[in-house]
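Each chain, letter by letter, is given below.
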Amino acid sequence: GSLDDRTLARLARQVDDRFRVLTGISHVSRRSELRAAAMSRVWQVAAGLTDAVVVDIGGCVDDGSLALEADVADFGINSSGHSAAVTALGAADELVAVSSCEPTSVARLLSHLPAISSLAPAARLHVVINRVRAPIVRNQGAADELRRFVATHTRAHEVVLVREDRETVDAAAARGLTPYEHSRKATFVREVATLSRGLQSPLVATA
C-alpha cells in the first residue's frame, strides 16, 4: 500500500518524453512473488501517472497456463502465480489479443479467448491477426472473409489484419527504433496505427 506516483515514476525506466517502461520479473519462477493486492495497486497508480497503461501478458498465454487454469475464482492469489496477468485483465478497459495468421495459431487463439475474456469482463476485445501474407491482404475478399470468421467466433469489437513486413521490422530493430520511427509510411505501420486509434481507454491488456 505504500506505492505512489513518485516511487513508480522512479522505478519505471524513462524511454523518452512520452514513454516509461516497468520491466518484468527476471525469471518465471518468481511469479508467485507477485501478489494480487500489490499488483492491483500497481495498475491503479500507473493509471494515475500516465494517460495510457499497456500491460503485456503474452507470456502467460504462450505457455497455456493462463487460459487453462481451472479455478478462476481464486486466480491470482493461489500458487499458480499469475496475479500480474489476472489483475491486469480485471482492470483492463481494452483487451488486445494477437495471433499470427497460421491456421493452427488462429485456432489456438479461438480456444484460449473465452477463458481470457472471462477475466476481463469490462474490456472491449480487439483481435489482431499478425504477419498476414501478401496474397490475403491484397485480396479484399479473402481479407474480409478472415475478419468475419474471427469476429464471428470471438465477438470482437474489431478485427485488425497486420501484414507480414519483416523488412521494416528488421530494419527498425537493427537501428534500435520502433517501426513507426523507422518508416511512418510503411503499410505495416499504418495498419498498427489503425488499431491504436481504436484504443480509447486508459488501461490496455495485450495477450
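Of the regular secondary structure elements, the chain holds 11 helices and 7 strands. Classification of the 207 residues of the chain by burial places 37% in the buried group. For the chain, contacts bridging at least 24 residues in sequence account for 70% of all contacts bridging at least 6. Only carbon and sulfur atoms are counted for the fraction: they give 52% of the accessible area of the chain, which is about 12,200 Å².

Moving on: helix 11 (residues 187-197). Those residues of helix 11 lying buried are Phe188, Val189, Glu191 and Leu195. All buried residues of helix 11 lie within an arc of 160° about the axis, which places them on one face of the element. Close packing links the buried residues of helix 11 with strand 4 (94-100), strand 5 (124-132), strand 6 (158-163), helix 9 (166-175) and helix 10 (179-182).

If you look at the biggest cluster of nonpolar residues, it comprises 37 residues, and the most contacted ones within it are Val127 and Ile129. The contact partners of Ile129, leaving out residues within four places of it in the chain, are Ser99, Ser100, Cys101, Val106, Leu109, Leu146, Val150, Val159, Val160, Leu161 and Val162. Counting residues in hydrophobic clusters, the runner-up holds 8 residues, among them Val162, Ala186, Val189 and Leu195.

With that settled, the discussion passes to a nonpolar patch on the surface. Judged by side-chain polarity, Val15, Phe19 and Val21 come together as a nonpolar surface patch covering roughly 270 Å² of accessible area. Mapped onto the elements, Val21 comes out in strand 2 (residues 20-21). You can call Val21 partly exposed: its relative accessible area is 40%.

For the rest of this paragraph, the subject is the pairing of strand 5. Pairing of strand 4 with strand 5 involves 7 bridges; the strand directions are parallel. If you follow Val98 over to strand 5, its bridge partner there is Val128. Pairing geometry for strand 5 and strand 6, over 5 bridges, is parallel. Paired with Val127 across the bridge in strand 6 is Val159.

Two elements in contact, helix 2 (residues 36-49) and helix 5 (residues 83-91), have axes separated by 9 Å at closest approach and are oriented at 50°. In terms of their interaxial angle, helix 2 and helix 5 are classed as oblique. The way helix 2 lies across helix 5 gives a crossing that is right-handed. Taken together, the residues of helix 5 that come into contact with helix 2 (itself represented by Ala36, Met39, Ser40 and Trp43) are Ser83, Ala84, Thr87 and Ala88. Here the residues of the contact of helix 2 with helix 5 sort into 5 nonpolar, 3 polar and no charged.

Counting through the fold element by element, Ser2 comes out in the segment before helix 1 (5-11). Along the backbone, Ser2 and Ala38 are 36 residues apart, and their C-alpha atoms lie at a distance of 9.5 Å.

This next bit is on the pattern of salt bridges. As a working rule, side chains carrying opposite charge can pair if their charged atoms are close by. Taken as a whole and judged by the stated rule, the model has 8 salt bridges. Note that Arg124 and Glu94 form a salt bridge whose closest N and O atoms lie 3.1 Å from each other. Of this pair, Arg124 sits in strand 5 while Glu94 sits in strand 4, placing them 30 residues apart in sequence. Its relative accessible area of 30% is what places Arg124 among the partly exposed residues. Here Glu191 makes a salt bridge to Arg163, at a shortest N to O gap of 2.8 Å. Pair noted here: Glu191 is in helix 11 and Arg163 is in strand 6, with a separation of 28 residues, a long-range link.

Calculation criteria
- Residues numbered from 1 in each chain as written.
- Predicted model: local features only at pLDDT ≥ 70, side-chain atom pairs only at ≥ 80, totals over all residues.
- Heavy atoms only, no water.
- Helix = DSSP H or I, 4+ residues; strand = E, 2+ residues; numbered from the N terminus.
- Buried < 20%, exposed > 50% of the residue type's maximum accessible area, 1.4 Å probe, protein only.
- Contact = heavy atoms within 4.5 Å.
- Areas by Shrake-Rupley, 256 points an atom, 1.4 Å probe, with all protein chains shown as cover.
- Arc of directions from axis to C-beta.
- Core = buried A, V, L, I, M, F, W, Y, C linked by side-chain atoms within 4.5 Å.
- Patch = residues over 30% accessible without salt bridge, like charges linked within 9 Å, V, L, I, M, F, W, Y side chains within 5 Å.
- Salt bridge = Lys/Arg side-chain N within 4 Å of Asp/Glu carboxyl O.
- Pairing = 2+ DSSP bridges.
- Axes fitted to C-alpha atoms, helices over the stretch in contact; angles between N-to-C directions.
- Parallel < 35°, antiparallel > 145°, perpendicular 65-115°, else oblique.
- Left-handed = near helix turned anticlockwise from the far one by under 90°.
- Nonpolar A, V, L, I, M, F, W, Y, C, P; charged D, E, K, R; others polar.

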